[in-house]
Amino acid sequence: MSDKPVCIADFELHAKRVLPKAVFDYYVSGADEQETLTDNVAAFSRWRFFPRVLRDVSRVDMSAVVLGQHLSMPVCVAATAMQRMAHPDGETATVRACHAAGTGMMLSSWATSTIEEVAEASPDSVRWLQLYIYKDRALTQSLVRRAEEAGYKGIFVTVDTPYLGKRRNDVRNRFKLPSHLRMSNFDSPDLAFSAKEGYGEDSGLAVYVAQAIDPTLRWEDIAWLKGLTHLPVVVKGVLRAEDAVEAVKYGVDGILVSNHGARQLDCVPATLDVLPEIVEAVGDRVEVYLDGGVRRGTDVLKALALGAKAVFLGRPVLWGLAYEGEQGVGDVLQLLREEFRLALALAGCRSLKEVNRSLVRKVEFISRI
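Residues numbered from 1 in each chain as written. Predicted model: local features only at pLDDT ≥ 70, side-chain atom pairs only at ≥ 80, totals over all residues. Heavy atoms only, no water.

Quick look at the overall build of the chain
Right, on to step 1. From N to C terminus, the chain includes 14 helices and 12 strands.
Right, on to step 2. Whereas a compact globule of 369 residues would reach a radius of gyration of roughly 21 Å, the chain reaches 20 Å, a difference of no more than 12%.
Right, on to step 3. Seen through its C-alpha atoms, the chain measures out along the principal axes to roughly 65 × 55 × 40 Å.
Right, on to step 4. For the chain, the residues scored as buried account for 56% of the 369 residues in total.
Right, on to step 5. Carbon and sulfur atoms make up 51% of the accessible area of the chain, which totals about 15,700 Å².
Right, on to step 6. Averaging the coordinates of the 45 positive side-chain charges in the chain and doing the same for the 48 negative ones gives two points 4 Å apart. (Helix = DSSP H or I, 4+ residues; strand = E, 2+ residues; numbered from the N terminus. Rg over C-alpha atoms; globule rule 2.2 N^0.38 Å. Buried < 20%, exposed > 50% of the residue type's maximum accessible area, 1.4 Å probe, protein only. Areas by Shrake-Rupley, 256 points an atom, 1.4 Å probe, with all protein chains shown as cover. Lys, Arg positive; Asp, Glu negative; His and termini not counted. Charge placed at Lys NZ, Arg CZ, Asp CG, Glu CD.)

Structural data, given as structure tokens:
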């Protein structure tokens with residue numbers, strides 16, 4: 001029997017075996033009781049396909065355009081922090097795998113590789129920067145400038161983290177970065193999450209966020225950010241239609257429907273459950289993306305049928321890194337590519353243009369007809 005992973009769950013099991021407990025716990029955990037963490041995945045099982053037949057699916061075109069960038073598929077890599085905890089090459093391995101797969105990578109502000117190192121590792125790749133707004137606005141502005149100069153194609157600003165959600169295992173483990181690592185985009189030990197004195201009895205990252213990240217963020221700060229850069233700006237962390245409409249008023253270029261991997265406020269809806277109302281609210285004025293709970297090619301197809309332009313993968317990429325670095329991330333992306341292509345073909349879709357809401361129905365609705 002082969003030990004090669006055949007699904008994302010196999011990659012996760014391997015990561016659990018090989019990563020230090022505190023590292024795996026940090027990557028895998030959600031907030032509080034982790035109800036939303038479970039529901040993000042479960043939500044995809046609440047929808048059923050109604051496929052078309054006799055459609056000649058001998059050729060299937062999976063290509064997509066995200067923020068003006070042409071990609072081989074609508075499966076992109078989300079920002080996940082501190083990737084060198086999973087593999088020594090960390091973010092540089094991830095960006096090379098994304099380039100080889102023909103898709104884009106969102107780099108975390110809290111990366112263990114610099115903005116410039118990731119760009120140099122794959123100069124021709126499609127890269128976006130995930131941005132936290134720091135209390136030090138000059139520091140925030142410098143991150144945006146560095147991204148522009150290094151050829152990044154957009155800014156995904158996180159709007160759901162005025163404080164860090166309570167992740168119980170991180171508190172139990174008194175989570176902090178291993179001593180040989182730091183958040184590489186910052187110079188001082190405090191901002192690089194590498195202070196020698198430690199962070200007391202709490203999760204170190206919760207202390208870091210309380211000290212450094214600006215909790216006063218308002219919609220006017222989106223306008224401020226838009227004024228700083230010529231790059232497209234996407235708001236990451238929207239779960240309500242009203243907020244999506246407000247984001248459009250402030251001129252954003254995209255909306256990422258996200259609950260931060262269920263790591264902030266527990267008991268919020270699964271992202272797939274709120275996706276349709278957000279898509280309906282903004283219409284075709286901006287692109288809408290989704291992250292959270294995507295583990296299968298069929299999940300990708302359901303998200304697209306409900307209006308997402310693309311999906312973003314978080315934890316599965318970390319499991320790929322833990323499996324075999326760049327090759328492991330490539331394996332994860334190839335697995336999702338093959339599963340998505342098969343799902344498209346079996347649903348009778350020859351391209352993304354043929355994916356629409358008629359392809360799926362919710363389980364509760366099916367039971368009534």
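Let's talk about the nonpolar core
The nonpolar side chains of a soluble globular protein tend to be buried with one another.
Right, on to step 1. Judged by nonpolar contacts, the single largest core of 116 residues is most densely connected at Met82, Trp110, Tyr134, Leu205, Tyr208, Ile255 and Trp319.
Right, on to step 2. The biggest single contributor to this core is helix α13 (residues 315–346), with 14 residues.
Right, on to step 3. Residues in contact with Leu205, not counting those within four places in the same chain, are Tyr26, Met82, Trp110, Leu164, Arg167, Phe175, Met183 and Phe193.
Right, on to step 4. Counting residues in hydrophobic clusters, the runner-up holds 15 residues, among them Leu71, Ala79, Leu256 and Tyr289. (Core = buried A, V, L, I, M, F, W, Y, C linked by side-chain atoms within 4.5 Å. Contact = heavy atoms within 4.5 Å.)

As for the packing of helix α10 (residues 241–249) against helix α11 (residues 271–282)
Right, on to step 1. Close contact between α10 and α11 brings their axes to 9 Å; oriented N to C, the two are set at 35 degrees. As for how α10 packs across α11, the hand of that crossing is right-handed. Residue-level inspection shows Ala241, Ala244, Val245 and Val248 of α10 in contact with α11, the latter providing Glu277, Ile278, Ala281 and Val282.
Right, on to step 2. Counted by class, the contact of α10 with α11 contains seven nonpolar, no polar and one charged residues. (Axes fitted to C-alpha atoms, helices over the stretch in contact; angles between N-to-C directions. Left-handed = near helix turned anticlockwise from the far one by under 90°. Nonpolar A, V, L, I, M, F, W, Y, C, P; charged D, E, K, R; others polar.)

As for the environment of Leu129
Right, on to step 1. Structurally, Leu129 is set in strand β6 (residues 126–131).
Right, on to step 2. Sequence spacing of Leu129 and Ile155 is 26 residues, and the spatial spacing of their C-alpha atoms is 5.0 Å.
Right, on to step 3. Dropping the residues within four chain positions of it, Leu129 is found in contact with Met106, Leu107, Ile115, Leu143, Ala147, Tyr152, Gly154, Ile155 and Phe156.

What about the packing of aromatic side chains?
Right, on to step 1. Counted by the stated rule, this structure contains 17 aromatic pairs.
Right, on to step 2. Each ring, one from Tyr27 and one from Trp319, has its centre 6.5 Å from the other, and the planes form 75 degrees; the classification is edge-to-face. Of this pair, Tyr27 sits in helix α2 (residues 21–28) while Trp319 sits in helix α13, placing them 292 residues apart in sequence.
Right, on to step 3. The rings of Phe24, Tyr26, Tyr27, Trp110, Tyr132, Phe175, Phe193, Tyr199, Tyr208 and Trp319 are connected pair by pair, giving a single aromatic cluster.
Right, on to step 4. Seen from the ring of Phe49, Lys302 lies directly overhead, with NZ or CZ sitting 5.4 Å from the centre. (Phe/Tyr/Trp six-rings, centres within 6.5 Å; stacked < 30°, edge-to-face > 60°. Lys NZ or Arg CZ within 6 Å of the ring centre and 35° of its normal.)

Remarks on the packing of helix α4 (residues 90–101) against α13
Right, on to step 1. Between α4 and α13, whose axes approach to 10 Å, the crossing angle comes to 20 degrees. It follows from the interaxial angle that α4 and α13 lie roughly parallel. The two elements α4 and α13 meet at a crossing, and its hand is right-handed. Judged by residue contacts, Gly90, Ala93, Thr94, Arg96, Ala97, Cys98 and Ala101 of α4 engage Val317, Leu321, Gly325, Glu326, Val329, Gly330, Leu333 and Arg337 from α13.
Right, on to step 2. Along the lines of polarity and charge, the residues of the contact of α4 with α13 split into eight nonpolar, four polar and three charged. (Parallel < 35°, antiparallel > 145°, perpendicular 65-115°, else oblique.)

Some points on unusual backbone geometry
Right, on to step 1. In this structure, Asp32 is a non-glycine residue whose phi angle is positive, near 50 degrees.
Right, on to step 2. Mapped onto the elements of the fold, Asp32 is located in the loop between α2 and α3 (35–42).
Right, on to step 3. Since its relative accessible area comes to 29%, Asp32 is described here as partly exposed.
Right, on to step 4. The residue His260 is not glycine, and still its phi comes out positive at about 65 degrees.
Right, on to step 5. As for its position among the elements, His260 is in the loop between β9 (254–257) and α11.

Quick notes on the pattern of salt bridges
Right, on to step 1. Taken as a whole, this structure holds 19 salt bridges when the rule is applied.
Right, on to step 2. Residues Asp39 and Arg46 are paired through a salt bridge, measuring 2.9 Å at the closest nitrogen-oxygen approach.
Right, on to step 3. Given the relative accessible area of 22%, Asp39 is considered partly exposed.
Right, on to step 4. When its relative accessible area of 22% is taken as the criterion, Arg46 is described as partly exposed.
Right, on to step 5. Salt-bridge contacts for Lys362 lead to Asp273; the nearest nitrogen and oxygen are separated by 3.9 Å. Placement of Lys362 in strand β12 (residues 360–362) and of Asp273 in helix α11 is noted, with a sequence separation of 89 residues between them. (Salt bridge = Lys/Arg side-chain N within 4 Å of Asp/Glu carboxyl O.)

Let's talk about α11
Right, on to step 1. Relative to the 16 Å expected for 12 residues at 1.5 Å per residue, α11 spans 16 Å between its end C-alpha atoms, a close match to the ideal helical length.
Right, on to step 2. Buried within α11 are the following residues: Thr271, Leu272, Val274, Leu275, Pro276, Ile278, Val279 and Val282.
Right, on to step 3. Downstream of α11 by one or two residues, Gly283 has phi in the positive range, about 60 degrees. (Expected span 1.5 Å × (residues − 1).)

Regarding the environment of Val279
Right, on to step 1. In this fold, Val279 is placed in helix α11.
Right, on to step 2. The class for Val279 is buried, based on a relative accessible area of 19%.
Right, on to step 3. Residues Val279 and Val157 lie 122 residues apart in sequence; the distance between their C-alpha atoms is 19 Å.

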